[in-house]
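Coordinate inspection notes
Next come the chains, spelled out residue by residue.
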Amino acid sequence: MERCAARRAPEEERRVRANAREYNEKFQYASNCIKTSKYNIVTFLPVNLFEQFQEVANTYFLFLLILQLIPQISSLSWFTTIVPLVLVLTITAVKDATDDYFRHKSDNQVNNRQSQVLISGVLRQEQWMNVRVGDIIKLENNQFVAQADLLLLSSSEPHGLCYIETAELDGETNMKVRQAIPVTAELGDISQLACFDGEVICEPPNNKLDKFGGTLYWKENKYPLSNQNMLLRGCVLRNTEWCFGLVIFAGGLKQQLLLCCTEGRERHPLMPSCFPGPDTKLMQNSGRTKFKRTSIDRLMNTLVLWIFGFLVCMGVILAIGNAIWEHEVGVCFQIYLPWDEGVHSAFFSGFLSFWSYIIILNTVVPISLYVSVEVIRLGHSYFINWDKKMYCAKRRTPAEARTTTLNEELGQVEYIFSDKTGTLTQNIMVFSKCSVNGHSYGDVQDMLGHKAELGERPEPVDFSFNPLADPRFQFWDPSLLEAVKLGDLHVHEFFRLLSLCHTVMSEEKSEGELLYKAQSPDEGALVTAARNFGFVFRSRTPKTITVHELGQAITYQLLAILDFNNIRKRMSVIVRSPEGKIRLYCKGADTILLERLHHINQDLTSTTTDHLNEYAGEGLRTLVLAYKDLEENYYKDWSERLHQAGSASEAREDHLARLYDELLGATAIEDKLQQGVPETIAILTLANIKIWVLTGDKQETAVNIGYSCKMLTDDMAEVFVVTGHTVLEVREELRKAREKMMDASRSVCNGFYQEKLSSKLTSVLEAIAGEYALVINGHSLAHALEADMEVEFLETACACKAVICCRVTPLQKAQVVELVKKYKKAVTLAIGDGANDVSMIKTAHIGVGISGQEGIQAVLASDYSFSQFKFLQRLLLVHGRWSYLRMCKFLCYFFYKNFAFTMVHFWFGFFCGFSAQTVYDQYFITLYNIVYTSLPVLAMGVFDQDVPEQRSMEYPKLYEPGQLNLLFNKREFFICIAQGIYTSILMFFIPYGVFADATRDDGAQLADYQSFAVTVATSLVIVVSVQIGLDTGFWTAINHFFIWGSLAAYFTILFTMHSDSLFRMFPNQFRFVGNAQNTLAQPTVWLTIALTTVVCIMPVVAFRFLKLDLKPELSDTVRYTQLVRKKQKTQHRCMRHAGRVGSRRSGYAFSHQEGFGELIMSGKNMRLSSLALSSFAPRPNTSWIETLRKKKGCEGSSAGSPSGAADKTLKV
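My aim in this report is to walk through the structure given alongside it, one point at a time. (Residues numbered from 1 in each chain as written. Predicted model: local features only at pLDDT ≥ 70, side-chain atom pairs only at ≥ 80, totals over all residues. Heavy atoms only, no water.)

**Observations regarding the overall build of the chain**
When you go through the chain residue by residue, the secondary structure sums to 43 helices and 33 strands. Relative to its 1212 residues, the chain shows a buried fraction of 59%. (Helix = DSSP H or I, 4+ residues; strand = E, 2+ residues; numbered from the N terminus. Buried < 20%, exposed > 50% of the residue type's maximum accessible area, 1.4 Å probe, protein only.)

Have a look at this one:
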């Protein structure tokens, strides 16, 4: 495999000569070789061990193993440490080897992918890793521009045009046009391209997706280059049979970059387009992959350091005790208890004793902790992968946990940052309703005259009468088709307008098989609707449009196209009918067209406006249609003055039609959301999760989707729109928004907030009574994210219930996420489906990729992936909450059982002369964490539940303890430690007190070291087993088997180690024959064990009963509610509201953009041999959470956080 590109110095400019590899290689531009693997057969063992021993825990236990090899220090055998250490290293090495195998496999898959490259005058299939800057590549229709950023040289279309989709770059599904410069557009032949030796001098690699500057030097001439000549990596070639491009920016992925990707994250085999070159603009926007750790990981690392400090303190105390004991007492018994060789003073004896106790007490920091955590996380990941309720049968796509390190973080998310296109929506527009001549069509009524619900709808309208109908189109109101068949002139004119007023291209692959390619999905939906109702747009030329009207072919002369732009907010065409009649057809925003209508029929205008309000109230994208008849002389006069009006379409039409003669009606298009999006957003909002939409799409489109998915509602007090172009304008708009929110809050609260306010605005904004939303554009966001304004922006945004950022670049998405991470200290989740979402997915604590229609780049950069946005609800509220609950219970129990086990040695030290003698035998110490107590806690950590999954979905407020970090924090840790120390005290002193005076059945003294050790060990295993039984909230057969099986394993191993047969085989290792049998045969021992168990467990049971009765948690309340009302079900209904609708009407017109009108009229995109463009391809008590949330908010404010959490009021 070829080596990856080495690190290079920053470029000032880039020089690329076509078909000149030797010339280009002297600049050392990055190649396309991919190398993400870390090991080979020779280097695996040393490199992997080196990496593992960089972990502090592994190094610590290696240090302990070295100490145990020193006879003067160790009182334990070396295997008590080396067995667990080798087990951990082996498991980790196997996992790393498996991961690296997949990396090798994916590297080979990507590097060996074939591309069509022009080499030595021949078009060859070349391996992807061998593509170089300066090569000429051939792309074909519907192919991803996956290799590099290309300069378009020529294409199969006239004038070097090609059509692309840029959904992976900016989230827009509208087709865009790119054009080769004229001098290269003629190079369509292989031989001509082989002789092309032009040199491009351009800007160095950068992240500006919408800008490119350069110059082509060829044949002693120079030609300016712009972004219109570039095909960026991530685009998809559409409606173009083939094209040739010159590689400008390429480069393979460097190994250093992927080391951080793969560390702490599992990587599966990657698909070919996953690794663009680091020089491409898309990769420049992707940001650096960051090593992600959960908040529990960070807390656990801190706690382990504290425990180690506690261990050192215990070692110092016992060492001092040893020095004092040896100085005061031990010196008197030198004859019987001589010091070891080399020990000449009590001080040195204490020094050695310190290290001995460090070895003995090291189990307070167990190495098995980290392995157990990884096993539990792996189990949680498999549960996500196996969840059938997150499986999409349509796409045959299951949910996938692409990392095993972040599962519990899913239960702590407070902010979700979502893309719009392809994440919330399906990118499918549907003609839903329309209003024609004051009559509304599209509502289906039942037998009683009421609107039929979705599940009650009859069969869709039958369009079999029309052989050219699109079989995928569905409409539910047959009265509209009846009106067409009955010859309603208004309906006919309505659909005639839809079939003529557009810039759609048509391809007829075979007779009657039409394929429409539209600049926007809205326009395609309207033309398809006209097609099915009998007005079929068939073909076009630069000067004609052919339409089949109810089976009759009619060709209209196309006189002019007045294209859409953001100022006019409408589109018009002027056509001449076969009868010679000239008519202007127009469609556009209601706010523009309604004011330009003749005020002759006010009733029709009023009725249509009511219909628009109704449609907009349902979240549909609306559009008004109108026309005007033109006199021949009037049109000629306008045509003569066309150039006087300038090139602006606004000026042209103002000269042409001041007023429209007739209002035809209105259309309502449904921008189809993904299934379950509104419900998912509503439930996540109830879980106190804030959702921000970050999209590259236009403001009006995003706002419409906001209303459709119920992020924005008519009940909101106000929706603030920030559109300032300067820093001062943006700051002023943000200030006014905050003032309005505070003024409203003061008026609602009767002046409560008139008192002196804190310098921080957080506490005021948190208490705002109304619901607000913020919409901000990309150019305004650029100013808002500046260092001196980012806090103001964050304060304003966090006070709002919904935030929508429009026209944002991929890098801005990441900056917004980073801003919230920086100041809010909250867990963030980013979800998207395109390459333009990769940057925020990498930046957020958790990245989720939607496997949609925009490629797989987002999925490959994500931590979790699935096919539909609605699965996010289940991922967080079920899997995330359970993972957090299980991990917290696991950690609490783990620290408890290890302190209960280890601290017995500490107490024993005061009664054995601080001699570093252990209470338990060394085999019990070795097996305690590996065999006796490992499996039960793993079962609890993997399978435990507090409430069933249905209740987790029905009661979103169950999610809040994770956000507040209630289940495992420093306070809970100290409680566990205190319980463990309490248990260890009882575990040691109860048997010690009993054995002081107890006798055996034969009257002999019971007290001996081995009997005491067996009694304490047995008590310990039973107590921790009973404790985990109390902690387990969801019992499975596996839990029973592991708990009772561990107890059985303990007694089996105990009796085996004290058996005659083992003594005969290993007499030096197992000297105490029959001790366990003799000890456990004594009733006193069993009474001691029972007493110890009861005294240890009863306070815990009593405390939990009192807490359940006096201060129940929300999950306790839910369980109690379900016991009382077993049949109760939570119903979620989405209420329809009418009212403030102007903010989302005419969503189509606003979402449109300047189209192909000028291109069509110029004829550049038309073939001489064809008329059509070819080659197209109930509420529980939660006051305790409220109190804690307020307390947390106050603490956050006093700590200097610039903004507090937003509205923390609980809702169910």
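**Overview of the pattern of salt bridges**
One pass over the full model with this rule turns up 39 salt bridges. Between lysine 433 and aspartate 443 there is a salt bridge, with its nearest N and O atoms 2.5 Å apart. With lysine 433 in strand β16 (residues 425–436) and aspartate 443 in the loop between β17 (439–441) and α13 (478–485), this pair connects stretches of sequence that are 10 residues apart. Overall, the relative accessible area of 6% leaves lysine 433 in the buried class. Note that glutamate 549 is salt-bridged to arginine 496, the shortest N-O span being 2.9 Å. (Salt bridge = Lys/Arg side-chain N within 4 Å of Asp/Glu carboxyl O.)

**A look at the pairing of strand β24 (residues 582–588)**
Among the seven residues that make up β24, seven are buried, leaving the element largely enclosed by the rest of the structure. A two-sided burial pattern is seen for β24, the buried positions comprising Ile582, Leu584, Cys586 and Gly588 on one face and Arg583, Tyr585 and Lys587 on the other. As defined by bridge partners, strand β23 (residues 570–576) adjoins β24 across seven bridges and the pair is classed as antiparallel. From the neighbouring strand, isoleucine 574 faces β24, where its bridge partner is leucine 584. Where β23 folds back onto β24 in an antiparallel hairpin, the turn is made up of five residues, including glycine 580, whose phi is positive at roughly 95 degrees. (Pairing = 2+ DSSP bridges.)

**Let's talk about the nonpolar core**
Phe890, Leu891, Tyr920, Phe924, Phe968 and Leu1020 are the most contacted members of the largest nonpolar core, which has 97 residues in total. Here the element with the most residues in this core is helix α29 (residues 871–909); it accounts for 18 residues. Those residues in contact with phenylalanine 968 that lie beyond four places of it in its chain are Leu299, Leu303, Tyr884, Cys888, Leu891, Cys892, Phe895 and Phe973. Residues Leu468, Phe473, Phe533 and Met571 belong to the second largest nonpolar core, which totals 53 residues. (Core = buried A, V, L, I, M, F, W, Y, C linked by side-chain atoms within 4.5 Å. Contact = heavy atoms within 4.5 Å.)

**Side note on the packing of helix α34 (residues 970–997) against helix α39 (residues 1083–1110)**
Between α34 and α39, the least distance of the axes is 10 Å, while the angle of their chain directions is 155 degrees. In terms of axis orientation, α34 runs roughly antiparallel to α39. Viewed along their axes, α34 and α39 form a crossing whose handedness is right-handed. Here Gln979, Tyr982, Thr983, Leu986, Met987, Ile990, Pro991, Val994 and Phe995 of α34 lie close against α39, whose contacting residues are Thr1084, Val1085, Thr1088, Leu1091, Thr1092, Val1095, Cys1096, Pro1099 and Val1100. Of the residues belonging to the contact of α34 with α39, the class tally is 13 nonpolar, five polar and no charged. (Axes fitted to C-alpha atoms, helices over the stretch in contact; angles between N-to-C directions. Parallel < 35°, antiparallel > 145°, perpendicular 65-115°, else oblique. Left-handed = near helix turned anticlockwise from the far one by under 90°. Nonpolar A, V, L, I, M, F, W, Y, C, P; charged D, E, K, R; others polar.)

**Structural notes on a nonpolar patch on the surface**
A cluster of nonpolar side chains, contributed by Ile317, Phe910, Phe911, Ile985, Phe989 and Tyr992, occupies part of the molecular surface with about 520 Å² of accessible area. By residue number, the principal contributor to the nonpolar patch is α34, which donates three residues. You can see tyrosine 992 is positioned in helix α34. (Patch = residues over 30% accessible without salt bridge, like charges linked within 9 Å, V, L, I, M, F, W, Y side chains within 5 Å. Areas by Shrake-Rupley, 256 points an atom, 1.4 Å probe, with all protein chains shown as cover.)

**Focus: helix α14 (residues 489–500)**
Its 12 residues place the ends of α14 16 Å apart at the C-alpha level, agreeing with the 16 Å of an ideal helix rising 1.5 Å per residue. By the criterion of burial, α14 is predominantly enclosed, with 10 of the 12 residues buried. Listing the buried residues of α14 in full gives Val491, His492, Glu493, Phe494, Phe495, Arg496, Leu497, Leu498, Ser499 and Leu500. N-cap assignment for α14: the residue whose side-chain oxygen lies 3.0 Å from the backbone N of histidine 490 is aspartate 488. (Expected span 1.5 Å × (residues − 1). Polar contact = N/O pair within 3.5 Å; in protein donor to acceptor, adjacent residues only side chain to side chain.)

**Description of the sheet that holds strand β2 (residues 114–119)**
Read across the open sheet, the six strands follow the order β3-β2-β4-β13-β5-β11; overall the sheet is antiparallel. Unpaired on one side and paired on the other, β3 (122–127) and β11 (230–231) mark the two borders of the sheet. Inspection of the sheet shows strand β4 (residues 136–140) paired to strand β13 (residues 242–249) by five bridges, in the antiparallel sense. Of the residues in β13, the one forming a bridge with isoleucine 136 is leucine 246.

**Overview of the packing of aromatic side chains**
Applying the stated criterion across every chain yields a total of 62 aromatic pairs. Both rings, one in tryptophan 242 and one in phenylalanine 244, keep their centres 5.6 Å apart while their planes meet at 65 degrees; by these two values the pair is edge-to-face. Exposure class is identical for tryptophan 242 and phenylalanine 244. Each is buried. Three or more aromatic residues joined by ring pairs form one cluster here, namely Phe906, Trp907, Phe908, Phe910, Phe911, Phe914, Phe988, Phe989, Tyr992, Phe995, Tyr1009 and Phe1012. (Phe/Tyr/Trp six-rings, centres within 6.5 Å; stacked < 30°, edge-to-face > 60°.)

What is shown is where atoms sit, not what they do.
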